[in-house]
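# Overview (structure and organization)
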Amino acid sequence: MDKMIIRGGNPLKGSVHVRGAKNAALPLMAASILAETPLTLHNVPCLHDVFSMDKLLSFMGVHSEFTGRYMVMDSAGVVNPEAPYELVRKMRASFFVLGPLVARFGRARVSLPGGCAIGTRPVDIHLKGLEALGCDISLDEGYVVAEGKLTGASFTLDFPSVGATETLMMAATRAEGLTRLYNVAREPEIEDLALCLNAMGAQISGAGSDMITVVGVDNLKGVEHEVIPDRIEAGTFLIAGVATHGDVTVLNARADHLPGFLEKLQEIGAEVEVRQDRIRAAAVNGYSATDITTRPYPGFPTDLQAQTMALLTCAEGASLIKETVFENRFMQVAELNRMGADIDVDGSTALVRGVSGLMGAPVMASDLRASAALVIAGLMAPQGETAVQRVYHIDRGYERIEERLAALGANIERRRN
Ligand code: EPZ
């Protein structure tokens, strides 16, 4: 397994291009199942999670070609509406194929995703919503078996789940009649998926608000669609710039996709400059503490919590971080404390007391965003060397991150074990 070797202390300076959004590309790839003709996605990021979804779609019979920037998917050949455990367990987003499969073929057999490092991550809202649309749901040896002709209905989500919103919105495109979904997620990735589905012939309105209306149609056709920029990758690079007392600009990034986050950067004293398609953040003179509570969009994104915690380990003062979206998303704390941070966790709240500096150390990545936090901490540590083990976690969501950080002045290299 590869590891990242980092010698910190260099302020990151310069510009970096943001890639297409992983959390938009994955549901959009699943939406190819709904298209009777090929769907082409542009600006697809080269990530392990994208390869995993591509492998799952191919297993079902979708023919795909990926050039490393755009992907063409033809689902005419789907003969096997089944997603096996060995593929789904590797990536929870595989579960997003359930809605499109049952909408197009009237049946699907998809493995339950199981939990992961950040929580049990149930799919009860996905299943309750599909039942409301007339689907018969049963469990068989760890698999969800879904069957039935979908009919429009009203359904209120218990929690604004991103995945459940995407599953139900995709399923409703082929349900007969009108569907109203309440208390839905409002993330930009939901809007991007709705934009693509409507171009394919769907009739969706309200995406991005807390209520989505869908009028079912008889079929959907393939189109060309450009994946939105990855707001979490953009935020991660901006945090790295501020945390190293540098000056970083993220190119082709959308500030309107980071409302709750950019305000916090300003609050801690970073200089934040927003232009048409780029965002710059600098903190050459350090920054102060603040309190963070993660919320569904447009609140502070849970996917930037770990990276922001790393940043706040060396802020002036103490910060209180509350994680309200996932039940176990402080996996980075123990490793940050081994690097000299001073963090106490009490349930879903972490108290981060600012220290004067971190020290390099060998650390273990546990999940995608925690591993990004450990890389940032390594970049911050002016003494010693940080070796981040199990970097396959980071490769799931960041393309060639060591090359792109090195281009900003970081002393970082990937070493094959
Ligand atoms: C999506 O995951 C993202 N993944 C996650 O990004 C992101 O953290 C999350 O949304 C929240 O923004 C993709 O889009 C591929 P949820 P998802 O359903 O859909 C509970 C990353 O780092 N819940 O919004 O799985 C659930 O347990 C990843 O890029 C239920 O209880 O998240 C969690 O506590 C990590 N029942 C909360 O809702 C359900 O049926 C939010 O989960 C579904 C969810």
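Placed above this text is the structure.
The paragraphs below set out a description of the structure included in this document. Small disclaimer: the values here were computed from a predicted structure and weren't measured.

## Side note on the overall build of the protein chain
Secondary structure assignment for the protein chain yields 14 helices and 24 strands. For 417 residues, the compact-globule estimate of 2.2 N^0.38 gives 22 Å, and the C-alpha radius of gyration of the protein chain, at 21 Å, lies within 12% of that figure. Here the protein chain, with 417 residues, has 58% of them falling under the buried criterion. Taking contacts inside the protein chain between residues at least 6 apart in sequence as the whole, the part at least 24 apart equals 74%. When the accessible surface of the protein chain is totalled, it reaches about 15,600 Å², and 48% of it is carbon and sulfur. One finds the centroid of the 39 positive side-chain charges in the protein chain at a distance of 3 Å from the centroid of its 50 negative side-chain charges.

## What about the packing of aromatic side chains?
Overall, the coordinates contain 2 aromatic pairs when judged by the stated rule. Ring centres of F51 and F66 lie 6.4 Å apart, and the angle between their planes is 55°; on these two criteria the pair is classed as tilted. Linking F51 in helix 2 (residues 48–60) with F66 in strand 4 (residues 63–66), this pair joins segments that are 15 residues apart in sequence. A residue is classified by how much of its surface remains accessible, and F66, at 22% relative accessible area, is partly exposed. Of note, R109 hangs over the ring of Y143, and the distance from its end group to the ring centre comes to 4.0 Å.

## Observations concerning the site of the ligand
In the vicinity of the ligand, 22 residues are found, and the nearest of them are R92, D124, S161, D303 and V325. Here an oxygen atom of the ligand sits 3.0 Å away from a polar atom, N or O, in the side chain of N23. Here D124 contributes a side-chain N or O atom positioned 2.7 Å from a nitrogen atom of the ligand. If the ligand stood free it would expose 820 Å²; the protein chains cover 90% of that surface.

## Comments concerning the side chain of T40
Here T40 is to be found in strand 3 (residues 39–42). Discounting chain neighbours no more than four positions away, the residues touching T40 are Y70, M71, V72, V223, E224 and H225.

## Side note on the sheet that holds strand 18 (residues 292–293)
In space, the 4 strands of this open sheet follow the order 18-19-21-20, with mixed pairing throughout. If you trace the sheet from one side to the other, it starts and ends with strand 18 and strand 20 (342–346), each paired once. Two elements, strand 20 and strand 21 (residues 349–353), share 5 bridges in a ladder whose sense is antiparallel. Considered in strand 21, the bridge of D342 is made with R353.

Criteria and cut-off values
Each chain has its residues counted from 1, following the order in which its sequence is written. Selection of residues for local features in this predicted model requires a pLDDT of at least 70, selection of side-chain atom pairs for listing and counting requires 80 or more, and totals for whole chains, interfaces and linings are taken over all residues. Just so you know, side-chain values use all the structure's heavy atoms and leave hydrogens and water out. Each helix is a run of DSSP H or I of at least 4 residues and each strand a run of E of at least 2, with the numbering of both proceeding from the N terminus. We compute the radius of gyration over the C-alpha atoms and compare it with the globule rule, which gives 2.2 Å times the number of residues raised to the power 0.38. Only protein chains enter the calculation, and the probe is 1.4 Å; a residue is then buried if its accessible area is under 20% of its type maximum, exposed if over 50%, and partly exposed in between. Should any heavy atoms of two residues lie within 4.5 Å, those residues are counted as being in contact. All accessible-area figures derive from a Shrake-Rupley calculation using a 1.4 Å probe, and residue coverage is judged against the displayed protein chains alone. When charges are counted, Lys and Arg are positive and Asp and Glu negative, with His and the chain ends excluded. Think of each charge as sitting on NZ of Lys, CZ of Arg, CG of Asp or CD of Glu. Any pair of Phe, Tyr and Trp rings, taking the six-membered ring for Trp, is counted once the centres come within 6.5 Å. Such a pair is stacked with planes under 30 degrees apart, edge-to-face with planes over 60 apart, and tilted for the rest. Charge-over-ring placement is defined geometrically: NZ (Lys) or CZ (Arg) within 6 Å of the ring centre, and within 35 degrees of the ring normal. Whether a residue is near a molecule or strand is decided by its heavy atoms; if any one of them lies within 4 Å of it, the residue is near. Whenever a nitrogen or oxygen atom comes within 3.5 Å of another N or O atom, the pair is scored as a polar contact, on the condition that within protein one atom can donate a hydrogen and the other can accept it, and that pairs from neighbouring residues in sequence are kept only if both atoms are in side chains. Pairs of strands are assigned from DSSP output, requiring at least two bridges between the strands.

The quantities given are spatial measurements derived from coordinates; they are silent on function.
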